[in-house]
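Single-letter residue listing:
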Amino acid sequence: LRALQELTSGKHQSNADNDDGNVSNSCPPPLKLYKNRIVSHNHTTNTATTTKIPQILHLSERSRCLNRDMYDAIQIWQESFPSFSIFFHDDAAVD
């Protein structure tokens, strides 16, 4: 099976890198590109305090190019759940 990051990358994250090494943003204004957030967990922590349920949010929308309200809502989720990875599934990722 392919890695979750590869499966959810979509067409925007597979674009060529720009000069500073970042993936280019191909969303027309005022839309904003959302990229997956992957949080690495330290597996050496005390198992009595860790959860067995993966801390992953999966979001689905037609495109990674989001309007300001949706983009801002996801930013609030990122702040509210700092230990969660967020994977975005767009049409390109599920084809």
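Everything below is about the structure printed above this text.
Summary of the structure given here. Within each chain, residues carry numbers counting from 1 in the order of the written sequence. At least 70 in pLDDT is required for a residue's local features to be given in this predicted model, at least 80 for side-chain atom pairs to be given and counted, and no such filter applies to totals for whole chains, interfaces and linings, which use all residues. Processing note: side-chain calculations cover all non-hydrogen atoms of the structure and skip hydrogens and water entirely.

Structural notes on the overall build of the protein chain
Helix and strand assignments follow DSSP, with helices taken as H or I runs no shorter than four residues and strands as E runs no shorter than two, numbered in order from the N terminus. Within the protein chain, the regular secondary structure consists of four helices and four strands. When the helices and strands of the protein chain are read in sequence order from the N terminus, they spell out α-α-β-β-β-α-β-α. Think of it in three bands: residues with accessible area under 20% of the maximum for their type are buried, residues over 50% are exposed, and the middle band is partly exposed, with areas taken using a 1.4 Å probe on protein chains only. For the protein chain, buried positions account for 26% of its 95 residues.

With respect to the pattern of salt bridges
A pairing counts as a salt bridge when a side-chain nitrogen of Lys or Arg comes within 4 Å of a carboxyl oxygen of Asp or Glu. On inspection of all chains with the given rule, the structure shows one salt bridge. Between Arg64 and Asp90 there is a salt bridge; the shortest N-O distance is 3.8 Å. In this pair, Arg64 sits in the loop between β2 (56–60) and β3 (65–66) while Asp90 sits in the loop between β4 (85–89) and α4 (91–94), placing the two residues 26 residues apart along the sequence. Like Arg64, the residue Asp90 is buried in the burial classification.

Quick look at the side chain of Gln78
Inspection of the secondary structure assignment puts Gln78 in helix α3 (residues 68–80). Look at Gln78 and you get buried, because its relative accessible area is 16%. Excluding residues that lie within four positions of it along the chain, Gln78 makes contacts with Tyr34, Arg37 and Ile86. We call two residues in contact when some of their heavy atoms are within 4.5 Å.

Observations concerning the pairing of β4
Of all the five residues making up β4, five are buried; the element is thus mostly covered by neighbouring parts of the structure. A two-sided burial pattern is seen for β4, the buried positions comprising Ser85, Phe87 and His89 on one face and Ile86 and Phe88 on the other. Pairing of β2 with β4, which is carried by five bridges, proceeds in the parallel orientation. When the bridges of β4 are listed, Leu59 appears paired with Phe88. DSSP-based pairing: two strands are paired if at least 2 bridges between them are found.

Some remarks on unusual backbone geometry
With an omega dihedral of 5 degrees, the bond running from Pro29 to Pro30 counts as a cis peptide bond. Of note, Pro30 is situated in the loop between α2 (10–13) and β1 (32–33).

With respect to the nonpolar core
Inside soluble globular proteins, nonpolar side chains tend to come together where they are buried. The criterion is simple. A nonpolar core is a set of buried Ala, Val, Leu, Ile, Met, Phe, Trp, Tyr and Cys residues joined through side-chain atoms within 4.5 Å. Core analysis: the largest hydrophobic core is formed by seven residues, namely Tyr34, Leu59, Leu66, Tyr71, Ile74, Ile86 and Phe88. Sorting the residues of this core by element identifies α3 and β4 as the ones contributing at least two each.

Structural notes on a nonpolar patch on the surface
Together, Leu4, Leu7 and Ile56 give the surface a local cluster of nonpolar side chains, amounting to about 190 Å² of exposed area. For Leu7, a relative accessible area of 32% puts it in the partly exposed group. To count toward a patch, a residue needs a relative accessible area over 30% and no salt bridge; like charges are then connected within 9 Å, while nonpolar side chains (Val, Leu, Ile, Met, Phe, Trp, Tyr) are connected within 5 Å. Note that accessible areas follow from Shrake-Rupley with a 1.4 Å probe, and for residues the cover is restricted to the protein chains shown.

What to know about the environment of Arg37
In this structure, Arg37 sits in the loop between β1 and β2. For the pair Arg37 and Leu57, spaced 20 residues apart in sequence, the C-alpha separation works out to 9.7 Å. Those residues in contact with Arg37, other than ones at most four positions away along the chain, are Gln78, Phe81, Pro82, Phe84, Ser85 and Ile86.

That is the geometry; function is a separate question.
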